[in-house]
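Per-entry structural report
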Amino acid sequence: MAEEQVSRIKKINATGAMKALMTEYFQELDRAGQDPGAKVAWCTSVGPAELLRSFGFYVYFPENHGAMLGSSRLAGDLIPAANAAGYSPDICSYLTSDIGSYLSRRTPLTPAFGMAGVPRPDLLVFNTNQCRDVKDWFGFYEREFGVPMVGIDTMRSIETVTANHLEGLIAQHKALIPTLEAVSGRKFDLDRLKAVVASSYRWGALIPTLEAVSGRKFDLDRLKAVVASSYRCTRLWKKVLRLAERRPSPITFFDGTIHMGPAVVLRGDPRAETYYETLIAELEARIAAGEGAVAGETYRFYWDGKMREHAELFAGHGVCVTASTYCNSWIFEALGDADPFAGMARAYTELFIVRGEKYKLDYLERMVRDYGIDGVVYHDAKTCPNNSNNRYGLPERLAAKLGLPYVVINGDLNDLRLYSEEQARTQFEALVEQLREAGQPS
Ligand code: SF4
């Protein structure tokens, strides 16, 4: 390690607790997958996990597995198997990695957590709020395993989420969900309460399937408890991210992509809350001591997109990537709604990824101001247009409005054939140089 340099990134002590919690979660799933009496539901990352947990399902997230296939560098070996099965190299590389993993019978879950393999599903539940790929992804497993698949088809590119959007969603589901036919026949005005009721029915349409597969009756009190826990988790995760508004920031985006694990796979489980309380205590101690995550923090960047590389490169230039679209996508404040169905419906429709360009511009402007951002990195992920916000002029509009420099990195989530590390490095360094020449800030 002749070129090893002293890292400018301060390590987070709570990482050990987070890893222990994630191990516990995966080992529980492993046992559930082998126990005929336990029920496993596969859920898309922003699908109705709370509803599933209220039925006692063990909830597994294939996208999380897709991300692991990328970080473990297995994806490159596995994607061709999915391509050969007819899944294009141009579609989501989390999907092609995951299906390739299934076809090749290889998973990082075994070496990382001692799991026998991916837990077999009893039920597949999707929400297309993020993209259509998730439905096609789960459709593959529906055919493979012969288990039921149910889900929510959410419209996209929404500016303001209105009662009309919710009414439109109900209409879409009429043909699929008999119980909604009767409900959507009622007049749905713009009254907020009625929108809440309407969305409640939409989610409620999943219940008969969930009851049949889980063998349990729906319990509203249990659902309320799970959603309440999920809400507390989301508030704590938001607090973690908001601590990065401080100068120097006690946490970077790269830390965030690791520590968001419990907010992703364990929302609705009180263990996630306990973990974030520990993490917050450590970050607040850093703030009190005047310590930053990056030694000598000089510039503060915003990261838009899913790529998570180059923490050391940025830190080496005194750059702290303090905020991101990705980490903030796991804040679901609407879960605080008194009606848990309404809370889930709204929370999973208010997501950044679901929203239109005007909303996104306003959102990014707020983030830049709140976090004192000096420059923005946009990641154009070739196989995920849904998480690539550079394709319709957004960077140019934000730059024109705020006079903020930015860079667009071409790459991908998992398919490294689409990414040039050298090119990205040059672009990052050019952005820092631009700031230095402009003499800001320091
Ligand atoms: S949002 Fe992107 S990464 Fe996630 S499942 Fe859809 S296409 Fe794949």
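Note: the structure precedes this text.
Residues numbered from 1 in each chain as written. Predicted model: local features only at pLDDT ≥ 70, side-chain atom pairs only at ≥ 80, totals over all residues. Heavy atoms only, no water.

A closer look at helix 3 (residues 62-71)
Burial analysis of helix 3 places nine of its 10 residues in the buried class, which makes it a mostly covered element. Burial in helix 3 covers these residues: Pro62, Glu63, Asn64, His65, Gly66, Ala67, Met68, Leu69 and Gly70. Where helix 3 terminates, the next one or two residues include Arg73, which has phi positive at roughly 65°. (Buried < 20%, exposed > 50% of the residue type's maximum accessible area, 1.4 Å probe, protein only. Helix = DSSP H or I, 4+ residues; strand = E, 2+ residues; numbered from the N terminus.)

Section: the sheet that holds strand 4 (residues 149-152)
With parallel pairing, the four strands of this open sheet are ordered in space as 2-1-3-4. Each of the sheet's edge strands pairs with one partner strand only, and the pair in question is strand 2 (58-60) and strand 4. Going from strand to strand, the sheet's axes swing by 25° on average, the running direction of each strand aside. (Pairing = 2+ DSSP bridges. Axes fitted to C-alpha atoms, helices over the stretch in contact; angles between N-to-C directions.)

With respect to the packing of aromatic side chains
Under the defined criterion, the tally for this structure stands at 26 aromatic pairs. Ring centres of Phe301 and Phe314 lie 5.8 Å apart, and the angle between their planes is 80°; on these two criteria the pair is classed as edge-to-face. Highlighted residues: Phe301 in strand 5 (residues 299-304) and Phe314 in helix 16 (residues 311-316), separated in sequence by 13 residues. When sorted by exposure, Phe301 lands in the same class as Phe314, which is buried. Centroid distance Phe332 to Tyr348: 4.9 Å. Interplanar angle 80°. Geometry classified as edge-to-face. Separated by 16 residues along the polypeptide, Phe332 in the loop between helix 17 (325-328) and helix 18 (340-347) and Tyr348 in the loop between helix 18 and helix 19 (357-371) bring together distant segments of the chain. The same class applies to Phe332 and to Tyr348, which are both buried. Taken together through their ring pairs, the aromatic side chains of Trp42, Tyr60, Tyr87, Tyr102, Phe140, Tyr141 and Phe145 make up a single cluster. (Phe/Tyr/Trp six-rings, centres within 6.5 Å; stacked < 30°, edge-to-face > 60°.)

A word on the sheet that holds strand 7 (residues 375-381)
Hydrogen bonds between backbone atoms are what pair the strands of a sheet, whose relative direction is either parallel or antiparallel. The sheet built from four strands is open, its strands ordered 6-5-7-8 with parallel pairing. Whereas interior strands pair on both sides, the edge strands pair on one side only; in this sheet they are strand 6 (319-324) and strand 8 (406-411). Put simply, the sheet's adjacent strands are angled 30° from each other on average, direction ignored. Pairing geometry for strand 5 and strand 6, over five bridges, is parallel.

Side note on the site of the ligand
Lining the immediate environment of the ligand, one finds Cys92, Tyr94, Gln130, Cys131, Asp133, Val134, Trp137, Lys306, Cys384, Asn386, Asn387 and Leu413. Of the residues contributing to the shell around the ligand, the split by class is seven nonpolar, three polar and two charged. (Near = heavy atom within 4 Å. Nonpolar A, V, L, I, M, F, W, Y, C, P; charged D, E, K, R; others polar.)

Description of the nonpolar core
Counting residues in each nonpolar core, the largest one holds 125 residues, and the members touching the most others are Trp237 and Phe301. Contacts of Trp237, omitting those with residues within four sequence positions, involve Gly256, His259, Met260, Ala263, Tyr276, Cys327, Trp330 and Ile331. If you look at the next biggest cluster of nonpolar residues, it comprises five residues, including Leu69, Leu74, Ala75 and Ile79. (Core = buried A, V, L, I, M, F, W, Y, C linked by side-chain atoms within 4.5 Å. Contact = heavy atoms within 4.5 Å.)

Notes on the pairing of strand 3 (residues 123-127)
Within strand 3, five of the five residues are buried, which leaves it mostly tucked inside the rest of the structure. Every second residue of strand 3 is oriented toward a common face, with Leu123, Val125 and Asn127 on one face and Leu124 and Phe126 on the other, all of them buried. Bridging between strand 3 and strand 4 involves four bridges; their strand directions are parallel. Paired with Phe126 across the two strands is Gly151, which belongs to strand 4. Taken together, strand 3, helix 7 (residues 133-145) and strand 4 constitute a β-α-β crossover, and its handedness is right-handed. (Right-handed = clockwise from strand over helix to strand, strands pointing away.)

Describing the pairing of strand 8
Going residue by residue along strand 8, you find Val407, Ile409 and Gly411 tucked away on one face and Tyr406, Val408 and Asn410 left uncovered on the opposite face. Pairing of strand 7 with strand 8, which is carried by six bridges, proceeds in the parallel orientation. Bridge pairing in strand 8 links Asp380 to Asn410. Of the crossover connections in this fold, the one passing from strand 7 over helix 20 (residues 394-402) to the parallel strand 8 is right-handed.

A short note on the environment of Val265
Of note, Val265 is situated in helix 14 (residues 261-265). Using a relative accessible area of 0% as the deciding quantity, one classes Val265 as buried. Sequence spacing of Val265 and Cys43 is 222 residues, and the spatial spacing of their C-alpha atoms is 9.8 Å.

Concerning the pattern of salt bridges
Any two side chains of opposite charge can pair, given that their charged atoms come close. One pass over the full model with this rule turns up 22 salt bridges. For Arg106, the salt bridge goes to Asp77, with nearest N and O atoms at 3.7 Å. Of the two residues, Arg106 sits in the loop between helix 5 (93-104) and helix 6 (109-113) while Asp77 sits in helix 4 (residues 75-84), which places them 29 residues apart along the sequence. A salt bridge links Glu273 to Arg232; the nearest nitrogen and oxygen atoms lie 2.8 Å apart. Taken together, the positions of Glu273 in helix 15 (residues 270-289) and Arg232 in helix 12 (residues 220-242) put the pair 41 residues apart, joining distant regions of the chain. Owing to a relative accessible area of 40%, Arg232 belongs among the partly exposed residues under this scheme. Members of the salt-bridge network, linked through shared partners, are Glu24, Glu28, Asp269 and Arg271. (Salt bridge = Lys/Arg side-chain N within 4 Å of Asp/Glu carboxyl O.)

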